[in-house]
Amino acid sequence: MKAIMKALSEAGWNTSQFSASAGHLLATKTDPEVNRLRLIFAAHPGDGGNTVVRVATDPDAKNFDKSQLESIFSRAQDIAARNDLL
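Since this is a predicted model, take the numbers as computed values, not measurements.

Can you break down the overall build of the protein chain residue by residue, with the values?
Looking only at helices and strands, the protein chain features 2 helices and 4 strands. Listing each helix as α and each strand as β along the protein chain from the N terminus yields α-β-β-β-β-α. Taken over 86 residues, the protein chain has a buried fraction of 26%. Restricting the contact set of the protein chain to residue pairs at least 6 apart, pairs at least 24 apart contribute 28%. Looking at the protein chain as shown, the accessible area adds up to about 5800 Å², and 47% of this sits on carbon and sulfur atoms.

What follows is the structure in structure tokens.
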């Protein structure tokens, strides 16, 4: 989650971990043309010791470009690999 938080910060998102034990993270972004955008990330253990991260977008953010999520996840993987966080 640390790598995701850093990637989100670099992309201009504000993050707050509201349930560290459950691995939940809330990210918000204020865009002047759109209401406040929110993303919710949830991490849980996966097979083979891997961590699975799921994300949900705010249902009101109909025009949200989901390719931004791919960019955030890609950057988080780069950060994690460089810092041995994988």
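I'd like to hear about the nonpolar core, residue by residue, with values.
The biggest cluster of nonpolar side chains holds 16 residues, and the ones touching the most others in it are Ile4, Leu8, Trp13, Ala27, Leu39, Phe41 and Phe64. Among the secondary structure elements, those contributing two or more residues to this core are helix 1 (2-10), strand 2 (24-31), strand 3 (34-45) and helix 2 (67-82). With 5 residues, helix 2 is the single largest residue contributor to this core. Setting aside residues no more than four positions away along its own chain, Phe64 makes contact with Trp13, Leu37, Leu39, Thr57 and Leu69.

Go over the packing of aromatic side chains with me, naming the residues and quoting the values.
Scanning the entire structure with this criterion turns up 1 aromatic pair. Note on Phe41 and Phe73: the rings are 6.0 Å apart at their centroids and 75° apart in plane angle, and the pair reads as edge-to-face. With a gap of 32 residues between them, Phe41 in strand 3 and Phe73 in helix 2 connect regions that are remote in the sequence. The class for Phe41 is buried, based on a relative accessible area of 0%.

Now, about the environment of Pro59: what can you tell me, with residues and values included?
Structurally, Pro59 can be placed in the loop between strand 4 (51-57) and helix 2. For Pro59, a relative accessible area of 68% puts it in the exposed group. It is 9.8 Å that separates the C-alpha atoms of Pro59 and Leu39, two residues lying 20 residues apart in sequence.

About the thresholds
Residues numbered from 1 in each chain as written. Predicted model: local features only at pLDDT ≥ 70, side-chain atom pairs only at ≥ 80, totals over all residues. Heavy atoms only, no water. Helix = DSSP H or I, 4+ residues; strand = E, 2+ residues; numbered from the N terminus. Buried < 20%, exposed > 50% of the residue type's maximum accessible area, 1.4 Å probe, protein only. Contact = heavy atoms within 4.5 Å. Areas by Shrake-Rupley, 256 points an atom, 1.4 Å probe, with all protein chains shown as cover. Core = buried A, V, L, I, M, F, W, Y, C linked by side-chain atoms within 4.5 Å. Phe/Tyr/Trp six-rings, centres within 6.5 Å; stacked < 30°, edge-to-face > 60°.

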